[in-house]
Amino acid sequence: MKKTLRIGHIDLSFHSASAALVCTVFEKYGWQVEMTASPHEEMFKRYGKGEVDMLVSAWLPASHDVYLAPYQDNTVKLTVLYHPYCIWGVPDYVPVSNVASVEDLLRPDVLLKMEKRILGINPGAGISRFSRTMVEEYQLTHSGYYFENGSEAACYSNFEQAVSDQ
């Protein structure tokens, strides 16, 4: 009988890809793997309750350390799979001379052309928390910008549509 390992990951495509690779390695070495996904905060709570044996693809420390903190003492960090970073997308048809920094979003010529809604992913994502902070700290709301949570699919399709529409 194979040993069973319950692997959890955050319910986003890039976390799913990492988890699938880790599962493949465990399966190669004779483990039976049960993989499950949940939104950010929920997955960490499930990990803390022992509903999953391993959590794959946490972005530590910046994005997910706040969720891991309650379970830190009972956690062994194994390795780094990749070095993530959060970005706001600006299409390459927008010249760097026009938008090279967050401050540039406040320039009058840029304000006329930019979508004011900054659409992100679920509320628990680090990029969502960072984006809300950035909107406040850079005082983007004074010029009409606002951050809105959405699904991963909506975030990507919104960006792709904006690029298509230029």
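Look above for the structure.
A short tour of the structure in this document, coming up. (Residues numbered from 1 in each chain as written. Predicted model: local features only at pLDDT ≥ 70, side-chain atom pairs only at ≥ 80, totals over all residues. Heavy atoms only, no water.)

Here the focus is the nonpolar core. Ranked by size, the top nonpolar core spans 12 residues in total: Ile-10, Leu-12, Met-43, Phe-44, Tyr-47, Val-52, Leu-55, Tyr-67, Leu-68, Ile-121, Ala-125 and Cys-155. Going through the elements one at a time, helix 2 (40–48) and helix 3 (65–68) are the ones with two or more residues in this core. Considering every element that reaches this core, the biggest residue donor is helix 2, with 3 residues. Ignoring sequence-local partners within four residues, the contact set of Tyr-47 consists of Val-52, Asp-53, Leu-55, Leu-68, Tyr-71, Asn-74 and Thr-75. (Core = buried A, V, L, I, M, F, W, Y, C linked by side-chain atoms within 4.5 Å. Buried < 20%, exposed > 50% of the residue type's maximum accessible area, 1.4 Å probe, protein only. Helix = DSSP H or I, 4+ residues; strand = E, 2+ residues; numbered from the N terminus. Contact = heavy atoms within 4.5 Å.)

What follows is about helix 5 (residues 126–137). Here helix 5 spans 16 Å end to end across 12 residues, near enough to the 16 Å set by a 1.5 Å rise per residue. Every buried residue of helix 5 is listed here: Gly-126, Ser-128, Ser-131 and Val-135. Packed against the buried residues of helix 5 are strand 4 (117–119) and strand 5 (146–148). The first or second residue beyond helix 5 is Gln-139, which carries a positive phi of 55 degrees. (Expected span 1.5 Å × (residues − 1).)

Working definition: the strands of a sheet are paired by backbone hydrogen bonds and lie parallel or antiparallel to each other. In space, the 3 strands of this open sheet follow the order 2-1-3, with parallel pairing throughout. Taken across any chain shown, the strands that pair with only one partner, and hence form the sheet edges, are strand 2 (32–38) and strand 3 (54–56). Adjacent strand axes in the sheet meet at a mean angle of 30 degrees, parallel and antiparallel pairs treated alike. Two strands pair when backbone bridges link them, and strand 1 (residues 4–10) and strand 2 are joined in this way by 7 bridges, in the parallel orientation. Along strand 2, the bridge assignment pairs Ile-10 with Ser-38. (Pairing = 2+ DSSP bridges. Axes fitted to C-alpha atoms, helices over the stretch in contact; angles between N-to-C directions.)

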